[in-house]
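# Results of the structural survey
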Amino acid sequence: MPQPARTRGRQVNAFQALALLLSFVLVAAVGGVLTAGLVLPGVAIANGVTDMSVEAFDDLPTALEESPLPQKSRILANDGTVLATFFDQNREVVPLDQISKPMQNAVIATEDKRFYEHAGVDVMGMFRAAARNVLNTSQEGASTLTQQYVKNVLIEAALQADTEAERQEGIDAAREAEGADGVARKLREAKLAITLEKTMSKEEILEKYLNIAQFGSSVYGVEAAAQRYFGVPAAKLDYLQAATIAGITQSPSAWDPVLNPEDSQTRRDTVLYLLHQQDYITDAQYKKFLKTPLEESLNLQPSRLGCMSADDVVPGSGFFCDYVTKVIANDSTFGKTPQARRKLLMQGGLTIYTTLDPKRQAAADKEVKAGVPVKDKSGVGSAISVVEPGTGEIWAMAQNRDYNNTDDHGPRETAVNFNTDNKYGSASGFPPGSTFKPFTLLEWLKEGHSLQETIDGRRMSYPLTDFNAPCTNLGTETYEFGNAEGNGGVMSVLDATRNSVNSAYIAMASQLNLCNIFTGAAELGVHRAGGQAGDGDFQTLAANVLGTDSVAPLSMAGAFATFASGGIYCEPIAITKVTNAQGKKLKVPDAGCHQAIDKNVAAGMAYALSNVWTGTAKSVAKPAFAAAGKTGTTSHNEHTWFVGFTPRLSAAVWVGYPNGMRPMQGATIDGVSYNWAGSGPWGSSIAAPTWVRFMNTALRWGTNPEFEKPDDKLIYGERIGVPWVVGMSEQDARNRLYAAGFKVTVSSERVKSGLPAGAVAEQTPSGTAVRGALITLRLSDGSQVEPPDPCKDGKGPGCDDGGDGPGKDKGNGDRGSTGAASVLGEAATPSRSTTAW
């Protein structure tokens, strides 16, 4: 890195400095300027011209340490479209053969007409200027292009200092023009310029100068200037344009054509005069150029700094662009410290290749704003994140707000990214509601259960001790909840998923390891979004089975992509490649794709969630291709979701108020009123239709395959014989069924039966059922039990004792076949219903 000017040895006064400079000039005149730069200290002392110590001059550097110039970085979409540029200095370094000859000549004519004749310094001009400066008679520069390049390198070095004070001190030292310090600076520049000319050709020095010089208040290098003021590359600049640009360097702000057009034209005309005087342009050209107003020659291009410009290129892409910058700012892959990472982005000349697909991004932006318009009076927000299964590439990211990262923004303009974690966009995520239920279903299938197992979804409260949670202490309180669907009931897991039944899912969770549910979600990238939502994995809580912690839409899209990719989880990524200014590839964050869940389990998830179109999303037009998903609505309609996937894309759509838990019920959103109890909005109201519209457009290109089908065992389970328990006591029946691998529920309805009261009178199903199925028992009310036969032993009063005496039973010869024993026998063979709820 070039070093700012160091503190010199003993300070010299004005006349000593002038004497030293005189020694330099005298030696240069006799022995040549190259020699002067090396022997000056000895000559000065030997001749007694000054008593300046040797160290005062020896402290001056003899070699210029150069570092790569700060260059602007670019973010590209996946088709090469430039979304945005970033820079501390708007600069693009180009070789000399990409800078027009008129531009080269204009700079030489204006700044250093003897550039090709001197050896780094203009000796007499330097003496004349220094003398006037020291004596304060006037200010004069007389620096050659080589010296000006040296000064710019020293300024760039100063700008890299750690503190503002250090930066300013270095800049002041590099620019000092008055008194002895000014002379000392000239000497420093001269010494460095002489050395530079020994190691570089004139062409190399000119190229470096044209790339480092400032050509406006925020424009650096001739290529950026040509693009900014004329919309052409530096290779295409003509003499009129070159005169405008070449005149700026003397005072970049004062001669800036945008800030001061009148002064800039005056300066341009001065340069034209110099070009004409030095025979670079003809009389005719000179007269013609002078008559051309500055504004007619300019073709000003907007300064496309940062993500504010991205929306103009690809609709709604400002938020994705901002996310990319936050990835660079937060990931140690791009530097050890935040300062180093910022410097890399703003000065490193990076080309950042991203995953953004312009077509899909435009579709996402259109549809999310169609679901809830930007200026909708409700103020409701909406966002969509789109991820490719199997790669984790983020193809689109949009929301119904306009990107604006300045303090001066409108009510629907923001830089807060609803799609991402807090550290990547300042939002804190949103509770996912029922879109979190699939992670309970995932654990259900992992543990060997099937989709057709029956669940008792009638309970609306559970003691927390009913849950198996070895990783935490849930306490002993009772967890109470409700169903949006009513009172629940006995149903298959598939129907519980299709209709999003809370009570059924809590019942499922009570039969699983609760800790594994949340571990399984975390393994698919589901985590709290940070900020007000807190960081880390979802908390192991019974209520969280229904999605109460907050998560970013991007995390949900990435997780559901695992179900579409055959169980391969990839962390969502936005960057595929980064090269620096020299074209070298830099390391980028990896998606870490790996087999996170069994392929058959992933197929089972897709199969189950494909039924959403006949369940909670039945009011939404099903896409014409294979599609699956889950609706979600929080307790009081504060946040609604649809997270869905196809074999090719996964997307999460969120709708809600961005700030806090504010119910949407009672609002009018895009002309639809949700102002009565039960009117929504639900996940199927806005989020799911937005998802379908987007997918219909996004998947228009290419073939859309079907999902892989899971094996029958995962759907229907393993069918085994159901023990026959009719006639047993309730407890004996339970024990026998539990031992065989079934669950049991007892109906509150009693059956008229000849069995004793409380005995099992009916069971459903019987015969065979899926292992783990719920067996419903109905108990006898005992109403048809006949009283004991008093003549059972043939010895009771009036009983037939075998003779023909009084009391002999006449006409009842079939009694033995119709007595109590027969009644019991009939009761032992009830209808064996195999209906599964």
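Anything mentioned here points back to the structure above.
In what follows, the accompanying structure is described.

Basis of the calculations
- Residues numbered from 1 in each chain as written.
- Predicted model: local features only at pLDDT ≥ 70, side-chain atom pairs only at ≥ 80, totals over all residues.
- Heavy atoms only, no water.
- Helix = DSSP H or I, 4+ residues; strand = E, 2+ residues; numbered from the N terminus.
- Buried < 20%, exposed > 50% of the residue type's maximum accessible area, 1.4 Å probe, protein only.
- Areas by Shrake-Rupley, 256 points an atom, 1.4 Å probe, with all protein chains shown as cover.
- Salt bridge = Lys/Arg side-chain N within 4 Å of Asp/Glu carboxyl O.
- Disulfide = S-S within 2.5 Å.
- Patch = residues over 30% accessible without salt bridge, like charges linked within 9 Å, V, L, I, M, F, W, Y side chains within 5 Å.
- Axes fitted to C-alpha atoms, helices over the stretch in contact; angles between N-to-C directions.
- Parallel < 35°, antiparallel > 145°, perpendicular 65-115°, else oblique.
- Contact = heavy atoms within 4.5 Å.
- Polar contact = N/O pair within 3.5 Å; in protein donor to acceptor, adjacent residues only side chain to side chain.
- Pairing = 2+ DSSP bridges.

## Structural notes on the overall build of the protein
Looking only at helices and strands, one finds 29 helices and 25 strands in the protein. Within the span of the protein, comprising 837 residues, buried residues form 54% of the whole. When the accessible surface of the protein is summed, it comes to about 36200 Å², and 49% of that surface belongs to carbon and sulfur atoms.

## Examining the pattern of salt bridges
Opposite charge on two side chains makes pairing possible when the charged atoms of those side chains draw close. Counted under the stated rule, the structure contains 20 salt bridges. Ionic pairing is found between Glu 92 and Lys 72, a salt bridge with its closest N-O pair at 4.0 Å. With a gap of 20 residues between them, Glu 92 in the loop between strand 2 (82-86) and helix 4 (101-111) and Lys 72 in the loop between helix 3 (54-58) and strand 1 (73-76) connect regions that are remote in the sequence. A relative accessible area of 35% means that Glu 92 is categorised as partly exposed. Residues Arg 498 and Asp 495 are paired through a salt bridge, measuring 2.9 Å at the closest nitrogen-oxygen approach. Of the two residues, Arg 498 and Asp 495 both sit in helix 21 (residues 493-498), three residues apart, roughly one turn of that helix. Taking relative accessible area as the criterion, Asp 495 reaches 26% and is therefore assigned partly exposed. If you follow the salt bridges from partner to partner, you end up with Asp 365, Lys 369 and Asp 402 in one network.

## Some points on the state of the cysteines
Applying the stated criterion across every chain yields a total of three disulfides. A sulfur-sulfur distance of 2.1 Å marks the disulfide that ties Cys 570 to Cys 593. Residues Cys 570 and Cys 593 share a disulfide whose torsion about the S-S bond is about 120 degrees; that sign makes it right-handed. Residue Cys 570 is found in the loop between strand 12 (568-569) and strand 13 (575-579), and its partner Cys 593 is found in the loop between strand 14 (585-586) and strand 15 (594-595); the two are separated by 23 residues along the sequence. A relative accessible area of 4% places Cys 570 in the buried class.

## Notes on a nonpolar patch on the surface
Together, Val 258, Leu 259 and Leu 300 line one region of the surface with nonpolar side chains, adding up to about 240 Å² of accessible area. Counting through the fold element by element, Leu 259 comes out in the loop between helix 11 (239-246) and helix 12 (261-277).

## Topic: unusual backbone geometry
Looking along the chain, the bond that leaves Gly 680 and enters Pro 681 is cis, with omega of 5 degrees. Its place among the elements puts Pro 681 in the loop between strand 20 (672-673) and helix 26 (687-698). Omega for the peptide link from Thr 764 to Pro 765 comes to -5 degrees, which places this bond in the cis form. The residue Pro 765 is located in the loop between strand 23 (760-764) and strand 24 (768-770) in this model. Positive phi values are uncommon outside glycine, yet Asp 279 reaches one of about 65 degrees. Relative to the helices and strands, Asp 279 resides in the loop between helix 12 and helix 13 (283-291). Phi angles above zero are rare outside glycine, and Asn 637 is one such case at about 60 degrees. Inspection of the secondary structure assignment puts Asn 637 in the loop between strand 16 (628-633) and strand 17 (639-645).

## Notes on the packing of helix 12 against helix 13
The contact between helix 12 and helix 13 brings their axes to 10 Å, and the two run at 175 degrees. With respect to helix 13, the axis of helix 12 lies roughly antiparallel. Counting all contacts with helix 12, which are made through Arg 268, Asp 269, Leu 272, Tyr 273 and His 276, the residues of helix 13 involved are Asp 283, Tyr 286, Phe 289 and Leu 290.

## Considerations on the side chain of Ser 550
You can see Ser 550 is positioned in the loop between helix 23 (514-522) and helix 24 (553-564). On the basis of relative accessible area, Ser 550 is assigned to the buried category, the value being 15%.

## Topic: the side chain of Asn 152
You can see Asn 152 is positioned in helix 6 (residues 145-159). Given the relative accessible area of 18%, Asn 152 is considered buried. In terms of polar contacts, Asn 152 uses its side chain to reach the backbone carbonyl oxygen of Gln 148, at 2.9 Å.

## With respect to the sheet that holds strand 23
Strand order across the open sheet formed by three strands is 22-25-23, with mixed pairing between neighbours. Each end of this open sheet is capped by a strand with a single partner; those strands are strand 22 (743-746) and strand 23. On average, adjacent strands in this sheet sit at an angle of 30 degrees to one another, irrespective of strand direction. Examined bridge by bridge, strand 23 and strand 25 (residues 774-779) share four bridges and lie antiparallel to one another. The partner of Glu 762 across the bridge, within strand 25, is Arg 778.

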